[in-house]
Each structure stands twice: as C-alpha cells, then as structure tokens.
Amino acid sequence: MSPPARRESLAQLEALIAALKAKGIVSEEELAARQASTDRASPETGARMVARAWLDPEYRALLLRDGAQAAERMGVSMAGAPPLGVLEDTAARHHLVVCTLCSCYPRAVLGYPPHWYKSFAYRSRAVRDPRGVLAEWGTVLPEGMEIRVVDSTADYRWMVLPMRPAGTEGWSEDQLAAIVTRDALVGVALPQQPAAAAA
Ligand code: FE
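Cut-offs used in this document
Residues numbered from 1 in each chain as written. Predicted model: local features only at pLDDT ≥ 70, side-chain atom pairs only at ≥ 80, totals over all residues. Heavy atoms only, no water. Donors = N, O, S within 2.8 Å, 3.2 Å for Na, K, Ca; no water. Buried < 20%, exposed > 50% of the residue type's maximum accessible area, 1.4 Å probe, protein only. Core = buried A, V, L, I, M, F, W, Y, C linked by side-chain atoms within 4.5 Å. Helix = DSSP H or I, 4+ residues; strand = E, 2+ residues; numbered from the N terminus. Contact = heavy atoms within 4.5 Å. 1 Å grid on protein atoms, 1.4 Å probe; cavity = no way out; pocket = protein on both sides within 12 Å on 5 of 7 lines; lining within 4 Å. Points joined across faces, edges and corners; volume = space filled by probe spheres on them. Nonpolar A, V, L, I, M, F, W, Y, C, P; charged D, E, K, R; others polar.

A. Representation of the coordination of the iron ion within the structure. Taken together, the protein donors to the iron ion comprise Cys99 (SG), Cys102 (SG), Ser103 (N), Cys104 (N) and Cys104 (SG), at separations of 2.1 to 2.7 Å. Taken in sequence order, the residues that donate to the iron ion follow the motif C-x2-C-S-C. Accessibility expressed as a relative area gives 1% for Cys99, which makes it buried. Since its relative accessible area comes to 10%, Cys104 is described here as buried.

B. Inspection of the nonpolar core at higher detail. The biggest cluster of nonpolar side chains holds 47 residues, and the ones touching the most others in it are Met49, Leu63, Tyr117, Tyr122 and Val186. It is helix H3 (residues 43–55) that provides the largest number of residues to this core, a total of six residues. Those residues in contact with Leu63, other than ones at most four positions away along the chain, are Met49, Ala53, Ala70, Val86 and Leu161.

C. Here's a closer look at the layout of surface pockets. Approximately 1,100 Å³ is the volume found for the largest pocket. Contributing to the lining of the largest pocket are 28 residues, with Leu31, Arg34, Gln35, Thr38 and Arg107 lying nearest its centre. Counting residues per element, the ones that place at least two in the lining of the largest pocket are helix H1 (3–22), helix H2 (28–40) and helix H6 (107–110). It is H2 that contributes the most residues to the lining of the largest pocket, six residues altogether. Tallied by class, the residues present in the lining of the largest pocket amount to 20 nonpolar, four polar and four charged.

Shown next as structure tokens:
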C-alpha cells in the first residue's frame, strides 16, 4: 500500500471507530479488550483443539458442531467474535481456507493472520488453482482427492480439522498438538509426523 493510500485507509478506520463510538455500538474499553485478546491468541489454541478432537470423540463432535463453544471449552472467550466453523478433512476431501475479500481469519483461536494470507496472490490463486498453491507449500495431495476451498467471511470464520497422521498412536495431547502447525489449521500444510518421534 502506498503511503497516501495508507493514510487514507487509516483516516477511514478512525472515522469508522468514531462513528461506532458515537452511536454507542462499541466503546473504547471493548476495542481495547478485543485487541488484547487477539494479542494473546496464538495457533497453539487451534492446535490443542485439533489434538483434543483426535483423542476425544465427544470433543470432536462438539468441535464440528460448534467451533466457538469448543473454543470456549479451551478457555478462549468468543464473546463478540463471529461464529467459528470447523472443516473436517477426510481421506477423500481436503479443505483450504481463504478470505477472498480481505483477511477474515479465526483470530480468537489462531492469532493474527500471516502476511501471505492477506496477499492478493493467495486470495485469488487459492480459488483458481488450489492444487498449484498447495504444491508450492510442499503439500502434494493424491490425484483423486477433492480440494474444497472455503471462504472465511465477516460472518463466519473457518479452521481445518486435519486428519491425524499415521504412526501417532498412543501419543499424548501435548505431543499431538506439537505437530499441528498454523499452516495446517488453514489447510496449506498437513500435520507431519516428526521422523525422530517415529523411531
Ligand atoms: Fe476478510
């Protein structure tokens, strides 16, 4: 963004915040609280939710039914946050999350989105050529596997529940959470079984 464009969008943002405050829709305190909770959020929360779902069928069902409630179960406040949907990968279908419009992202459970997620290149190419985008991440899926690209929006945020890698039988929640990366929670990567731990 050029400096004049950046100044203009900052001015628009300030005007929007002033209007929301004037109408009593949002207060300074609510804005500060929301920013603080995003500052505290990290993909470790999403990773723990996935690890727990791999181990606990009851939690898995809750996660797929109502992601926000499943996040609250982890101690994350979802008050004021958009609903969270969770997309279950299977042997036949892989999910890839994008916000084609801007940068909608489940910040409550993943923290701030990475720079590439907000790029025009990712937002356009994820839709046009998901298989090509995934290959650039080193994620090569079997020929016949369907790739479903899902649009995160202001109304609904998405995260992926990847498949549990083979060879992780008997692993603890901590061990499992450690192999679920931020990129796997968006669907550009798959959880990898560390070679050392496989021995
Ligand atoms: Fe967006």
